[in-house]
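Listed below are the residues making up each chain.
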Amino acid sequence: MEAHGTHLGPLELVGGRWAVGDATRPDTHWVEIRPGGLHQHEPDSEGRLVPWSRIMTGVWLTWGKHSGSTNSRGMYTFKGLVAERDGGWLHMTLRHPYENHQLRFDQHTRPYRAVDVLRLESLLRQLVDEGKLHLLGDPEWVGRAVACLTGGRNSWLTQRALRRAAAEAIATAGPGGL
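Fair warning: this is a prediction, and the values are worked out from it, not measured in the lab.

### Comments concerning helix α3 (residues 159-173)
Here comes step 1: Helix length check: α3 (15 residues) gives 21 Å between terminal C-alpha atoms against 21 Å at 1.5 Å per residue, within 8%.
Here comes step 2: Restricting attention to buried positions, one finds in α3 the residues A161, L162, A165, A166, A169, I170 and A173.
Here comes step 3: Packing partners of the buried residues in α3 comprise α1 (114-129) and α2 (139-149).
Here comes step 4: One or two steps after α3, the chain reaches G174, where phi turns positive at roughly 85°.

Quick look at the structure:
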């Protein structure tokens, strides 16, 4: 654990709560992980909550100023860092009604390692697939899962290796307190 919090790509512990994006700067977009779901924070707005029960499939991250920047999904530097610095989007498919939905976040000043972003995506997808996305609402559970996924070599990984790492993190983090 770091002195100022733990992070996995854009996912970071800030003041006892987990957030996707830079929650420390004023007037930014970021996504707070709450017991009831994902809460979009935006400047000059109370934000909006996406309940866990509505999130179905298709959880992925893209990079860029606009949500349609899906081509920026895989833009990384030769050193294995996310190349885009204009922000990011957390995409998902929602039910009742069925719709594609995006939550915007502003990036931190620190660079994101590609392997951390891919591991975060894999963790989110596996939690959705197993019907355990609500575990993200338990900050201690997230901390244990993130601790299991951080570190290691910043090299390209196969989908199989990413799924295995996510499964190990879920098993290591335990059943959760929710």
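### A closer look at empty space enclosed by the protein
The probe, sized like a water molecule, is rolled over the atoms to show the empty space still left.
Here comes step 1: For the structure shown, the criterion picks out 1 cavity of 30 Å³ or more.
Here comes step 2: Approximately 110 Å³ is the volume found for the largest cavity.
Here comes step 3: Breaking the lining of the largest cavity down by element, the ones donating at least two residues are β8 (88-94) and α1.
Here comes step 4: Here the residues of the lining of the largest cavity are counted per class, giving 13 nonpolar, no polar and no charged.

### Overview of the nonpolar core
Here is a general trend for soluble globular proteins: nonpolar side chains tend to be buried in one another's company.
Here comes step 1: Membership of the largest hydrophobic core comes to 42 residues, with the highest contact counts inside it found for L38, I55, M92, L136 and W141.
Here comes step 2: When contributions to this core are tallied by element, the ones reaching two or more residues are β3 (17-20), β4 (30-34), β7 (60-63), β8, β9 (99-105), α1, α2 and α3.
Here comes step 3: Of all the elements, α1 adds the most residues to this core, at 8 residues.
Here comes step 4: Dropping the residues within four chain positions of it, W141 is found in contact with L123, L127, L135, L136, I170, A173, G174, P175 and G176.

### Looking at the packing of α2 against α3
Here comes step 1: Their axes nearest at 8 Å, the elements α2 and α3 cross at an angle of 140°. Considering the angle they form, α2 stands oblique to α3. Between α2 and α3 lies a crossing of right-handed hand. Contact with α2, carried on its side by W141, R144, A145, C148 and L149, involves A165, A166, E168, A169, I170, T172 and A173 of α3 and no other residues of that element.
Here comes step 2: Of the residues assigned to the contact of α2 with α3, the class counts are 9 nonpolar, 1 polar and 2 charged.

### As for the pattern of salt bridges
A side chain with one charge may pair with a side chain of the opposite charge, provided their charged atoms come close.
Here comes step 1: Counted under the stated rule, the structure contains 8 salt bridges.
Here comes step 2: A salt bridge links D22 to R25, with the nearest nitrogen and oxygen atoms 2.6 Å apart.
Here comes step 3: Judged by relative accessible area, which is 4%, D22 ranks as buried.
Here comes step 4: For D116, the salt bridge is made with R113, and the minimal N-O distance between the two is 3.1 Å.
Here comes step 5: Accessibility expressed as a relative area gives 7% for D116, which makes it buried.

Rules used in this analysis
In every chain, residue numbers begin from 1 and rise along the written sequence. The model is predicted, so local features are restricted to residues of pLDDT at least 70 and side-chain atom pairs to those at 80 or more, both for listing and for counting; the totals for chains, interfaces and linings are taken over all residues. By convention in this description, side-chain values take in all heavy atoms of the structure and omit both hydrogens and water. Strands here mean DSSP runs of E at least two residues long; helices mean DSSP runs of H or I at least four residues long; both are numbered from the N terminus. Any helix carries an expected span of 1.5 Å times its number of residues minus one. Burial classes follow relative accessibility: with a 1.4 Å probe on protein chains only, a residue under 20% of its type's maximum area counts as buried, one over 50% as exposed, and anything between as partly exposed. Contacts: residue pairs with any heavy atoms within 4.5 Å of one another. The way it works is a 1 Å grid over only the protein atoms, where trapped points that fit a 1.4 Å probe form a cavity and open points with protein on both sides within 12 Å along at least five of seven lines form a pocket, and then any residue with an atom within 4 Å of a point lines it. Grid points are joined across faces, edges and corners, and a volume is the space filled by probe spheres set on the points. Charged means Asp, Glu, Lys or Arg here, nonpolar means Ala, Val, Leu, Ile, Met, Phe, Trp, Tyr, Cys or Pro, and polar covers whatever is left, Gly included. Within this scheme, the nonpolar core is defined by two criteria: the residues are buried Ala, Val, Leu, Ile, Met, Phe, Trp, Tyr or Cys, and they are joined through side-chain atoms within 4.5 Å. For every element, the axis is a line fit to its C-alpha atoms; helices are fit only across the contacting stretch, and the angle between N-to-C directions ranges from 0 to 180 degrees. Note on terminology: angles under 35 degrees are roughly parallel, angles over 145 are roughly antiparallel, angles of 65 to 115 are roughly perpendicular, and the others are oblique. By convention, the crossing between two helices is left-handed when the near helix turns anticlockwise from the far helix through less than a right angle, and right-handed when the turn is clockwise. By definition, a salt bridge exists where a carboxyl oxygen of Asp or Glu is found within 4 Å of a side-chain nitrogen of Lys or Arg.

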